[in-house]
Amino acid sequence: DRAQFVSDDYKALAYSDTRLPIGCGQFMWTPLEEGRILQFLQLKPSDSVLEVGTGSGFFTALIAQLSLNVISIEYFAELSTLAGSRLKAAGLQNVNLQCGDASHGWKLADRIDVIVLTASCQQVPEDYLHALKVGGHLVAITGQAPAMHVQRITRTGEWQWQTENLFETVVAPLVHAETKPEFNF
């Protein structure tokens, strides 16, 4: 239930198609965005998933229901703690929450099947591309407002990746993600 992952002030709006504040200046995706991204992740019950940006924990819960396990990284300790209690209350035990700065990559014990970045970046950090298993894929939002692209990048070989642009949207950038300097006259 999405309402279990929002504050009491927003429970009545839990299913409205609007971004809801979750604290620390962060917002939940809309239900439509969550549904579309979840569809594009093409999760299988055998998949190990890395999620960058736990947020409220709701999208993490959706991923956990459809995959073998999830490692979810959150920059803000307060959000990670709150998400952890919500995930525990939902009975999900296949989620490993970690806290830290994953704006440029995250050290993993082994390559992973699926990666999802829940905030935008100018371009996908190369460390994430190399963290994918061959045949694995990554969904990320890249570019700058007013037109960012949701992309699915599939690793097709040891040094090959195929990129698909799925749709356009605008979301906040990853904390500490590098931005390209703007040209000024």
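Structural data are supplied above this passage.
Owing to the predicted nature of the structure, the values given are computational and were not obtained by experimental measurement. (Residues numbered from 1 in each chain as written. Predicted model: local features only at pLDDT ≥ 70, side-chain atom pairs only at ≥ 80, totals over all residues. Heavy atoms only, no water.)

Draft legend 1. Local environment of the side chain of Q151. On the secondary structure map, Q151 appears in strand β8 (residues 147–157). Reaching out from Q151, the side chain makes a polar contact with the side chain of T142 at a distance of 3.2 Å. In this structure, Q151 is in contact with L138, V139, A140, T142, T163, E164, N165 and L166, ignoring residues within four places of it in sequence. (Helix = DSSP H or I, 4+ residues; strand = E, 2+ residues; numbered from the N terminus. Polar contact = N/O pair within 3.5 Å; in protein donor to acceptor, adjacent residues only side chain to side chain. Contact = heavy atoms within 4.5 Å.)

Draft legend 2. Main features of the pattern of salt bridges. One pass over the structure, following the stated rule, counts eight salt bridges. For the salt bridge of E33 with R19, the shortest nitrogen-to-oxygen distance reads 2.4 Å. Separated by 14 residues along the polypeptide, E33 in helix α1 (residues 31–41) and R19 in the segment before β1 (21–23) bring together distant segments of the chain. The closest approach of N and O atoms between R155 and E158, which form a salt bridge, is 3.4 Å. Judged by relative accessible area, which is 1%, R155 ranks as buried. Through salt bridges with shared partners, a single ionic network connects R111, R155 and E158. (Salt bridge = Lys/Arg side-chain N within 4 Å of Asp/Glu carboxyl O. Buried < 20%, exposed > 50% of the residue type's maximum accessible area, 1.4 Å probe, protein only.)

Draft legend 3. Structural detail: helix α2 (residues 58–66). Along α2, the residues classified as buried are F58, F59, T60, A61, I63 and A64. Buried positions along α2 lie against α1, β3 (48–52), β4 (69–74), α3 (77–89), β5 (95–99) and β6 (112–121).

Draft legend 4. Up close: the sheet that holds β8. In space, the seven strands of this open sheet follow the order β5-β4-β3-β6-β7-β8-β9, with mixed pairing throughout. Whereas interior strands pair on both sides, the edge strands pair on one side only; in this sheet they are β5 and β9 (160–169). Between one strand axis and the next, the sheet turns by 15° as a mean value, whatever way the strands run. Pairing geometry for strand β7 (residues 132–144) and β8, over eight bridges, is antiparallel. Bridge pairing in β8 links H137 to T154. Each of β4 and β5 is contacted by α3, which is oriented at about 165° to β5, the strand it contacts most. (Pairing = 2+ DSSP bridges. Axes fitted to C-alpha atoms, helices over the stretch in contact; angles between N-to-C directions.)

Draft legend 5. Structural context of the environment of L13. Turning to its location among the elements, L13 is positioned in the segment before β1. Separated by 12 residues in sequence, L13 and G25 place their C-alpha atoms 18 Å apart.

Draft legend 6. Geometry of the nonpolar core. Counting residues in hydrophobic clusters, the biggest one holds 32 residues, and the most contacted among them are I37, L41, L43, F59, I63, V116 and V150. Those elements giving two or more residues to this core turn out to be α1, α2, α3, β6, β7, β8 and β9. With 21 residues, the next largest nonpolar core counts V52, L132, L138 and L174 among its residues. (Core = buried A, V, L, I, M, F, W, Y, C linked by side-chain atoms within 4.5 Å.)

That's the geometry; what it means functionally is another story.
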